[in-house]
Amino acid sequence: IIISVVTAIVIYFQVIRENEITANKLLTVLPFSIIFALSNSFVEESITRLGVVVVLQGRLKDRIIPLISALIFGIVHYWGNPGGFAGVLVAGFLGWFLAKSILETKGIFWAWLIHFVQDVIIFSALFAIE
């Protein structure tokens, strides 16, 4: 919940506030946001989390693997949404947290679900400005 609130705050200041998006417009784009979020979150979790964990587990200490995932996920979000330095920090933390969850739960479900919720917030704001 906290991660979603932080994501919503960052997206508000980077996207929504400048474009005066209404709640009605957000509800209109929500079905499309959910579809895109399902796909995007699964692909990104498979590549930047599961792929990193599977390749590095047993080769590096488990406490180092989430840091590598954080670096990868944070750096590419400099040009994404949320973007800039704030995007790097927020996405980097999320990358660390979700990789840690994969290691601790030995599965991708929670990482994917949390990422999915973030993507619904982000895609809804982006689709609403078009």
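Refer to the structure presented above.
Residues numbered from 1 in each chain as written. Predicted model: local features only at pLDDT ≥ 70, side-chain atom pairs only at ≥ 80, totals over all residues. Heavy atoms only, no water.

Engineer: How do you make sense of the overall build of the protein chain when you look at a structure like this?
Structural biologist: A count of helical and extended segments in the protein chain gives five helices and zero strands. For the protein chain, the C-alpha radius of gyration of 15 Å lies close to 14 Å, the compact-globule estimate for 130 residues. When the backbone C-alpha atoms are referred to their principal axes, the protein chain occupies close to 50 × 25 × 20 Å. Looking at the 130 residues of the protein chain, the share that counts as buried comes to 38%. Taking all contacts inside the protein chain whose residues are at least 6 apart in sequence as the whole, residues at least 24 apart take part in 74%. Of the accessible surface of the protein chain, which amounts to about 7600 Å², a share of 73% is contributed by carbon and sulfur atoms. Charge centroids of the protein chain, computed over 8 positive and 8 negative side chains, lie 13 Å from each other. (Helix = DSSP H or I, 4+ residues; strand = E, 2+ residues; numbered from the N terminus. Rg over C-alpha atoms; globule rule 2.2 N^0.38 Å. Buried < 20%, exposed > 50% of the residue type's maximum accessible area, 1.4 Å probe, protein only. Contact = heavy atoms within 4.5 Å. Areas by Shrake-Rupley, 256 points an atom, 1.4 Å probe, with all protein chains shown as cover. Lys, Arg positive; Asp, Glu negative; His and termini not counted. Charge placed at Lys NZ, Arg CZ, Asp CG, Glu CD.)

Engineer: Before we go on, may I ask you to explain the nonpolar core in this structure?
Structural biologist: Within soluble globular proteins, side chains that are nonpolar generally end up buried alongside one another. Counting residues in hydrophobic clusters, the biggest one holds 13 residues, and the most contacted among them are Val-53, Ile-65 and Leu-94. Breaking this core down by element, the ones donating at least two residues are helix 2 (23-56), helix 3 (65-76) and helix 4 (84-105). With six residues, helix 4 is the single largest residue contributor to this core. In this structure, Ile-16, Val-29, Ile-122 and Ala-128 belong to the second largest nonpolar core, which totals eight residues. (Core = buried A, V, L, I, M, F, W, Y, C linked by side-chain atoms within 4.5 Å.)

Engineer: Can you help me understand the environment of Val-76 in this one?
Structural biologist: With respect to the secondary-structure elements, Val-76 resides in helix 3. The partly exposed category is assigned to Val-76, whose relative accessible area is 48%. Taking the C-alpha atoms as reference points, Val-76 and Lys-25, 51 residues apart in sequence, are found 28 Å from one another.

Engineer: Would you explain the layout of surface pockets in this entry?
Structural biologist: Remark: the empty space left among the atoms is shown by a probe the size of a water molecule rolled over them. Here the largest pocket is characterised by a volume of approximately 220 Å³. Lining of the largest pocket is provided by 18 residues; of these, His-77, Asn-81, Pro-82, Asp-119 and Ile-122 occupy positions nearest its centre. Ranked by residues supplied to the lining of the largest pocket, first place goes to helix 5 (residues 109-128) with six residues. Looking at the lining of the largest pocket residue by residue, the classes come out as nine nonpolar, seven polar and two charged. (1 Å grid on protein atoms, 1.4 Å probe; cavity = no way out; pocket = protein on both sides within 12 Å on 5 of 7 lines; lining within 4 Å. Points joined across faces, edges and corners; volume = space filled by probe spheres on them. Nonpolar A, V, L, I, M, F, W, Y, C, P; charged D, E, K, R; others polar.)

Engineer: Please explain the pattern of salt bridges as it appears in this structure.
Structural biologist: Where charged atoms of side chains with opposite charge meet at close range, the side chains can pair. By the definition in use, this model includes two salt bridges. Between Lys-100 and Glu-104 there is a salt bridge, with the nearest N and O atoms lying 2.6 Å from each other. With Lys-100 and Glu-104 both in helix 4, this residue pair falls four residues apart, about one helical turn. The exposure class assigned to Lys-100 is partly exposed, which follows from its relative accessible area of 31%. Assessed through its relative accessible area of 54%, Glu-104 is described here as exposed. (Salt bridge = Lys/Arg side-chain N within 4 Å of Asp/Glu carboxyl O.)

Engineer: Sorry, what's going on with the packing of helix 2 against helix 4 here?
Structural biologist: Pairs of packed helices are described in terms of their axes, by the angle between the two and the distance that separates them. Contact geometry for helix 2 and helix 4: axes closest at 10 Å, N-to-C directions at 55°. Here helix 4 runs oblique to helix 2, going by the angle between their axes. For the crossing formed where helix 2 meets helix 4, the hand is right-handed. Residue-level inspection shows Glu-45, Arg-49, Leu-50 and Val-53 of helix 2 in contact with helix 4, the latter providing Gly-95, Leu-98, Ala-99, Ile-102 and Leu-103. (Axes fitted to C-alpha atoms, helices over the stretch in contact; angles between N-to-C directions. Parallel < 35°, antiparallel > 145°, perpendicular 65-115°, else oblique. Left-handed = near helix turned anticlockwise from the far one by under 90°.)

Engineer: What am I meant to see in a nonpolar patch on the surface here?
Structural biologist: Taken together, the side chains of Ile-1, Val-5, Ile-9, Tyr-12 and Phe-13 make up a nonpolar region of the molecular surface, amounting to roughly 540 Å² of accessible area. Secondary-structure assignment places Ile-1 in the segment before helix 1 (2-19). (Patch = residues over 30% accessible without salt bridge, like charges linked within 9 Å, V, L, I, M, F, W, Y side chains within 5 Å.)

Bear in mind that shape data such as this cannot, by itself, settle questions of function.
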